[in-house]
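# Breakdown of the fold
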Amino acid sequence: MNERILELFEQTPETYVSGAEISRRLGVSRTAIWKHIEELRAEGYAFEAASRKGYRLISKPAKWQITELMNGMKTKVLGQKVHIYDEVDSTQTIAHKLVASGAPEGTIVLAERQTAGRGRMGRSWHSPAGKGIWLSLILTPRIPMYFMPQLTLLSAVALCRAIQKVCHVEIGIKWPNDLLIHGKKVSGILLESSGEDERLKYVIAGIGISVNLLEEDYPEELRSIATSLAIESGGKVSREGLVQAFLLEFEDMYALYLEKGFAPIRLLWEALSVTLKRPIRTSTPSGFIDGIADSLDNTGALTVITPNGERIKIYSGDIELK
């Protein structure tokens with residue numbers, strides 16, 4: 001039915017079609033028409049609705065331009081193998097399958113839309129079609145498993161630097177890996193891994209970036225806490241250009257990390273942080289901890305100084321900026 005509705009709008013471009021006319025021509029109720037219009041909106045189609053006029057198709061979802069993406073890729077390894085899908089449950093799931101079938105380091109998975117995008121701590125990630133970057137990157141670092149949190153912080157640094165260069169917005173990192181603009185989340189990072197004998201076999205870095213979403217693309221409950229690069233920069237952002245910039249930054253950071261260790265990455269992360277030297281609250285199994293976020297340690301843990309002067313290290317979890 002959705003395809004038939006789109007065909008009808010394409011027959012009358014830039015004009016309104018009333019709900020009654022769509023209902024008559026397709027032989028379904030106006031309630032059903034509204035339902036299908038909402039489904040198409042979820043797929044990235046934009047409609048304008050006007051009283052007594054009906055609906056007008058404004059735009060179709062963007063599609064990844066693979067030639068543009070590959071022609072502008074300046075990396076040596078990352079992004080040299082690309083798998084693009086219209087719709088997946090999660091790019092992370094696809095990436096795990098690709099690793100099992102022998103995909104090399106640097107392979108990336110991109111999707112126009114995720115139906116079950118995964119965030120940290122089991123949360124879902126809002127991933128409408130054609131509006132964002134839903135990406136998974138396969139890595140095979142020869143490092144101990146307990147170093148993986150360092151790669152999470154490295155990912156945040158690379159992405160933050162790429163967004164600064166491409167979009168020219170004031171953006172910072174909330175520990176450990178959320179990117180915020182004016183206090184609202186614009187990107188999240190999820191790393192998943194497999195190891196053997198206490199060493200990593202592979203890591204999959206899942207990157208979700210709200211690129212060209214508009215306010216109406218967000219559910220009501222997310223509008224006060226989430227934003228997009230288009231909203232903050234005032235214009236549409238090239239997804240291909242941002243992926244290219246991110247992978248180049250990541251490749252440089254990754255080479256630096258493998259050669260020099262975590263110390264230079266930690267300094268870069270601290271310079272981009274919106275967490276350090278601020279009051280925070282975090283939840284632990286034994287209750288809430290309040291204090292001042294002081295610094296990162298050599299493992300990537302956050303050191304918090306409590307009101308009584310105690311120094312506590314937080315290795316995982318969420319924090320609230322106060």
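None of the values given here were measured: they were computed from a predicted structure. (Residues numbered from 1 in each chain as written. Predicted model: local features only at pLDDT ≥ 70, side-chain atom pairs only at ≥ 80, totals over all residues. Heavy atoms only, no water.)

### Side note on the overall build of the chain
When you go through the chain residue by residue, the secondary structure sums to 9 helices and 14 strands. Its C-alpha atoms give the chain a radius of gyration of 22 Å, within 12% of the compact-globule value 20 Å for 322 residues. By its C-alpha atoms, the chain is 70 × 45 × 35 Å across when sized along the principal axes. Scored against the burial criterion, the 322 residues of the chain give a buried share of 50%. Partitioning the contacts of the chain with sequence separation of at least 6, the portion at a separation of at least 24 is 62%. Surface accessibility of the chain: about 15700 Å² in total, with carbon and sulfur atoms responsible for 51%. Mean positive and mean negative side-chain charge positions of the chain (39 and 39 charges, respectively) differ by 1 Å. (Helix = DSSP H or I, 4+ residues; strand = E, 2+ residues; numbered from the N terminus. Rg over C-alpha atoms; globule rule 2.2 N^0.38 Å. Buried < 20%, exposed > 50% of the residue type's maximum accessible area, 1.4 Å probe, protein only. Contact = heavy atoms within 4.5 Å. Areas by Shrake-Rupley, 256 points an atom, 1.4 Å probe, with all protein chains shown as cover. Lys, Arg positive; Asp, Glu negative; His and termini not counted. Charge placed at Lys NZ, Arg CZ, Asp CG, Glu CD.)

### Thoughts on the pairing of strand 1 (residues 46-50)
Where strand 1 meets strand 2 (residues 54-59), 5 bridges bridge the pair, whose relative direction is antiparallel. Looking at strand 2, one finds that Ala 49 is bridged to Tyr 55. The hairpin turn running from strand 1 into strand 2, its antiparallel successor, is 3 residues long, and Arg 52 in that turn takes a positive phi close to 70°. (Pairing = 2+ DSSP bridges.)

### Some points on the state of the cysteines
Inspection of every chain in the model, using the stated rule, returns 0 disulfides. Lacking any disulfide linkage, Cys 167 is separated from the closest cysteine sulfur, that of Cys 160, by 11 Å. Classification of Cys 167 as buried rests on a relative accessible area of 8%. (Disulfide = S-S within 2.5 Å.)

### Examining the UniProt feature "binding site: biotin" (unreviewed entry) in the chain
Under the UniProt annotation, "binding site: biotin" (unreviewed entry) lies at Gln 114, Arg 118, Gly 119, Arg 120 and Lys 185. Turning to its location among the elements, Gln 114 is positioned in strand 4 (residues 108-114). At a separation of 3.0 Å, a polar atom in the side chain of Gln 114 contacts the main-chain amide nitrogen of Thr 91. Of note, Lys 185 is situated in strand 8 (residues 184-196). (UniProt positions renumbered as here; feature names shortened; annotations may be inferred. Polar contact = N/O pair within 3.5 Å; in protein donor to acceptor, adjacent residues only side chain to side chain.)

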